[in-house]
Amino acid sequence: MVSLLFSLGAASLATRVSAAATSGDFNILSFNVAGLPAILNDNAVPGDKATNAGIIGDLFTEYVYDVINVQEDFAFHAYIYATDDHPYRTATSGTAAIGSGLNTISNFDWIDFTRVKWDDCSDASGADCLTPKGFTFMRVIVSEGVCVDFYNVHADAGIEDADEIARASNLQQLADYIDTWSIGNSVIVFGDTNSRYTRPLDKITVFQTQNSLTDAFVELERGGVNPTVETICDNPSLINTCETVDKVLYRGSKQLTLTGTHFSYESSKFLQSDGSILSDHNPISVNFTWAVSNSLRQSGFWGGPHGAWFNDIQSIPSSPKTSVIKFSGGSRLDSVAVTLTSGATFTHGGTGGTATSLTLGSAEYWTSAKLCQAQYNSQTRNFYILATTSTGRTLASGTATSDCTTFTAPTGYQIVGYMGQDGDEIDQLAFIYAPL
Ligand SMILES: *[C@@H]1O[C@H](CO)[C@@H](O)[C@H](O)[C@H]1NC(C)=O
């Protein structure tokens, strides 16, 4: 299902480089699995909920979706995981009243998984405040140096005014989080928004206007025009043009083109043997293609998911070249900086440590960086960096550990900036590459 294309220049056959994929595709599924205890809500789904959950897990395995976000995965979670066989899956946050019902099932590994509870809820209709609903965040590693920020969401339900006000607050909270934690990154939000474009009080358009996300349904089934007249989908839905509250929204980034190629209600695949539905929601699927940019790329990450997110990629000028590399360190890595020939300087981390710097020649490029991590106060952060240039000169800072990795710019590329998470030291770090 995951296909990867490799572009290998003639030079790379001679000079050993790791051949990172430069384009590929994947697909996703969003499914509200109606897993509240039957005594709270039978969801008007025939049959036994535990049996149905086992069938859902079986179908996740059979159709091998690359990343699946489920909502209302409460009382029958174990039955889904018993029959699903994806390699990466979130640990449940608990059943109804304890957990959010949000889980992710994936063919790809991820970093930085976070669960966030909504600030507001409304019991005007339904019992949304019964359980701590919210959203989850994870940075999915689709391929080497290909990262996409995935959000799973379950917003407040109901159509009383108080419900819509709570839901608008939920959607705004998520939009603001994306603005802070996904600066410069590709994003896919998919889940149960409980919203329709025909419910203006919800302000679901916040993702389009504030975060520059594209709704895959609107793009691929509605000619790019948000619905203005309510359409209700059958379940199972045999058409893809009706609007449901379950949504997929996405954007690419300067380093990665992301394109939605196919939207569908997968309802006919998710049925009991007698043809009955398995959930009161239609599952929705979107196929994506991706391609790394030729002008800016990124490395993988090293270190731990602590501190604030930063990303230089938005500020890197055209035709960048590093002129000065500057680090500060001591027992750990306090800060990293880079000055480009344009004069732009990017600095991250704190003010401690001993400063050291290296000024590059006009034909000298920063081509690789070794990072070492370890734990400090029970949290992983970067302890050491070693930069190497195209002429073999080096600059090191901090204290090496036994847990290290080296990121090398692709052939014909150099390091020109950073992304990651920092506080008064460098918790997590990745490098931005640009052509020589
Ligand atoms: C979407 O992706 C799935 C899984 O790779 C594939 O089976 C299906 O043919 C794709 N659909 C389209 C229309 O590309």
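For the structure itself, consult the block above.
Model, not experiment: these values are computed from the prediction. (Residues numbered from 1 in each chain as written. Predicted model: local features only at pLDDT ≥ 70, side-chain atom pairs only at ≥ 80, totals over all residues. Heavy atoms only, no water.)

What follows is about the pairing of strand β17 (residues 322-329). Counting buried positions over the eight residues of β17 gives six, a clear majority of the element. Summarising the sheet, β17 and strand β18 (residues 333-340) pair through seven bridges and their orientation is antiparallel. Across the sheet, residue Lys-326 finds its bridge partner in β18, namely Ala-337. Connecting the antiparallel pair β17 and β18 is a turn made up of three residues. Two elements, β17 and strand β20 (residues 354-359), share six bridges in a ladder whose sense is antiparallel. Across the sheet, residue Val-324 finds its bridge partner in β20, namely Thr-359. (Buried < 20%, exposed > 50% of the residue type's maximum accessible area, 1.4 Å probe, protein only. Helix = DSSP H or I, 4+ residues; strand = E, 2+ residues; numbered from the N terminus. Pairing = 2+ DSSP bridges.)

So, about the sheet that holds strand β7 (residues 134-143). Ordered by their spatial adjacency, six strands build an open sheet running β6-β7-β8-β9-β11-β10, and the pairing between neighbours is mixed. What marks the edges here is a single partner per strand, and that holds for β6 (110-117) and β10 (214-215).

This brings us to the side chain of His-86. Here His-86 shows up in the loop between α3 (77-83) and β4 (88-89). Classification of His-86 as buried rests on a relative accessible area of 7%. Among the polar contacts made by the side chain of His-86, one reaches the main-chain carbonyl oxygen of Tyr-65 at a distance of 2.6 Å. For His-86, the side chain forms a polar contact with the side chain of Asp-84, separated by 2.6 Å. Setting aside residues no more than four positions away along its own chain, His-86 makes contact with Phe-60, Val-64, Tyr-65, Asp-66, Ile-68, Ile-105, Ser-106 and Asn-107. (Polar contact = N/O pair within 3.5 Å; in protein donor to acceptor, adjacent residues only side chain to side chain. Contact = heavy atoms within 4.5 Å.)

A few words now on the packing of aromatic side chains. All told, the structure shown has 27 aromatic pairs when counted by the stated rule. An angle of 90 degrees between the planes, with centres 6.0 Å apart, marks the rings of Phe-26 and Phe-108 as edge-to-face. Of this pair, Phe-26 sits in strand β2 (residues 21-32) while Phe-108 sits in the loop between β5 (103-106) and β6, placing them 82 residues apart in sequence. Both residues of the pair, Phe-26 and Phe-108, belong to the buried class. Where Phe-263 meets Tyr-265, the ring centres are 5.2 Å apart and the plane angle is 85 degrees; that geometry is what we call edge-to-face. (Phe/Tyr/Trp six-rings, centres within 6.5 Å; stacked < 30°, edge-to-face > 60°.)

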